[in-house]
Amino acid sequence: QRPRLLQASAPQSLRLAASPLAQVPAAAPAPAAAQPPASSGKKGKGRLNIRIDDEWYDLTNWRAAHPAGTHWIDAYNNSDATEVMYAFHSDKAISMFKRLPNSRAPPEGIAPPSASTYAFRELRQRLVEEGWFKIHPLGELQKLAPWSAVTAAGVWLARRSGFWSAFAGVVCLAIGNSLAGWLSHDYVHGRQPFAWAMRGFGELIGGMSTTWWSNKHNMHHALTNEVGYDEDIALDPALHLWAPDPRHDTLPWLRQWQHVYWPLPYSILFLYWRFDSIRYVLKDKKWGEAARLAAHWAAFSALVPFRLLLASVWLSGLITATIVTVTHQSEEIFLGDTLRKYDFVEAQFRSTRDAKCNNWFSDVLWGGMQWQLEHHLFPTMPRYRYPALSKVLAQFASENDLTYRVTGEFKIIGDNVALLKKIGQGPQQPGNPNSEPLFKQV
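These notes cover the structure that comes with them. (Residues numbered from 1 in each chain as written. Predicted model: local features only at pLDDT ≥ 70, side-chain atom pairs only at ≥ 80, totals over all residues. Heavy atoms only, no water.)

It is worth spelling out the overall build of the chain at this point. From N to C terminus, the chain includes 20 helices and 5 strands. For the chain, the proportion of its 442 residues judged to be buried stands at 53%. Relative to all contacts within the chain whose residues are 6 or more apart in sequence, the contacts with residues 24 or more apart total 75%. (Helix = DSSP H or I, 4+ residues; strand = E, 2+ residues; numbered from the N terminus. Buried < 20%, exposed > 50% of the residue type's maximum accessible area, 1.4 Å probe, protein only. Contact = heavy atoms within 4.5 Å.)

And the structure:
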């Protein structure tokens, strides 16, 4: 039986009626694409302007002080960053942004936010006031329990003799590692004191640098499926998600088989991320994170035969990569005329699809990623609120001319494999970009 906390319905006060938006154009034009960074902070190089809550701020001299790096500021030059500001920052940070200097000469010709964006801001404020972003002790325990149980079982099985015990141990450890990844993901996104206290879980248990991952992952959240920004779709030349330009199609004979071999590049995800994490913490001298990563490898290597540990990380990479990619890859990918065309809210609805899980085990294994749209729109909200929130968003979509997308957990995987086959065996497209990032993120 599913816990009652996860079965909560939407509060009665969230029956969303059409919002009075007389001051908003009924059909606001699409927002203009963001321009490249206008300034590096040096005099005479232009100004870097960002809009938040309909006010323009000049961040030219502040960008280098941004705690999460300059690439965030640069990516939103001459653009509206309201939804991103509220989605990823703590209450303290949000209260500070109004101290930033106002733009003396705001950019001209930038479209106003759309009606659905204003409606979304109204919805978000209502959710905040009703306590949807507050954590619940029972919900947190329900997240930790499956991870601790399956990981303990994996360690016990891996230490026993015999092939089948070792095999079962690898499977349990792989599932435990994926669940640890979802927990680390929650703690990095969380802005509550409990999440901050648990942030080191990512290095100690998950084996990855939380700072490295946060810098990489949050750009995916903010600019989902935007080519040149979202590193989660930067898979070429191993896998192509859109028709490649002949100059970038380095292995056309291999591309036609990508729907067959896709599990191989997916399975090395965690091994690659762990290597990248070590390289990052050493290069950037994150000694606290480095110490926790060292403790992680020392502890797990002592508890589990190293060959089985590596095998479990490999299998966990396949599980996790499959789950995190299928909810985006077969949706709209923005390049060319559609790059940065839509505002944050509409872009998320266009680029994200929920997965409908069919049983309790799948619900646990997906770690909240089955509610991908809910998570992308409200990343700091505890995941056990998402089942109730899904009903709210479905209604919001119907009232704001948006499409709420959801597909069964196995069909959504099949749809992704079908897309890989279509692109793999399809023609090249001259002029299409590769996935090289426009801004250095990590």
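Before going further, it helps to spend a moment on a nonpolar patch on the surface. Among the surface-exposed residues, Leu-264, Ile-268, Leu-271, Phe-306, Leu-310 and Trp-314 lie close enough to one another that they form a single nonpolar patch of about 540 Å² accessible area. By residue number, the principal contributor to the nonpolar patch is helix H15 (residues 306-326), which donates 3 residues. Within the fold, Leu-264 resides in helix H12 (residues 263-267). The class for Leu-264 is exposed, based on a relative accessible area of 55%. (Patch = residues over 30% accessible without salt bridge, like charges linked within 9 Å, V, L, I, M, F, W, Y side chains within 5 Å. Areas by Shrake-Rupley, 256 points an atom, 1.4 Å probe, with all protein chains shown as cover. Salt bridge = Lys/Arg side-chain N within 4 Å of Asp/Glu carboxyl O.)

What follows concerns the environment of Lys-286. Here Lys-286 shows up in the loop between helix H13 (269-283) and helix H14 (287-303). The exposure class of Lys-286 is partly exposed, given its relative accessible area of 31%. Through-space distance from the C-alpha of Lys-286 to that of Ser-209 is 9.0 Å; in sequence the pair is 77 residues apart. When residues no more than four places from it in sequence are discounted, the contact partners of Lys-286 are Thr-211, Tyr-280 and Val-281.

We now examine the packing of H13 against H14. The contact between H13 and H14 brings their axes to 8 Å, and the two run at 145°. Helix-helix and strand crossings are classified by hand; for H13 and H14 the assignment is left-handed. Residues Arg-274, Ser-277, Ile-278, Val-281 and Leu-282 of H13 pack against Trp-287, Glu-289, Ala-290, Leu-293, His-296 and Trp-297 of H14. (Axes fitted to C-alpha atoms, helices over the stretch in contact; angles between N-to-C directions. Left-handed = near helix turned anticlockwise from the far one by under 90°.)

Across its 13 residues, helix H9 (residues 210-222) extends 18 Å between first and last C-alpha, which sits within 8% of the 18 Å expected from 1.5 Å per residue. Most of H9 sits out of view: 13 of its 13 residues are buried. You can read the cap of H9 off the contacts: a side-chain oxygen lies 3.4 Å from the backbone nitrogen of Thr-211, and it is on Ser-209. (Expected span 1.5 Å × (residues − 1). Polar contact = N/O pair within 3.5 Å; in protein donor to acceptor, adjacent residues only side chain to side chain.)

A few words now on the nonpolar core. If you look at the biggest cluster of nonpolar residues, it comprises 43 residues, and the most contacted ones within it are Tyr-76, Phe-378 and Leu-389. Of the residues forming this core, the biggest block, 7 residues, is contributed by helix H19 (residues 386-399). Within the second largest apolar cluster, 24 residues are counted, among which are Trp-242, Tyr-261, Ala-290 and Ile-333. (Core = buried A, V, L, I, M, F, W, Y, C linked by side-chain atoms within 4.5 Å.)

Honestly, it's all geometry; don't read function into it.
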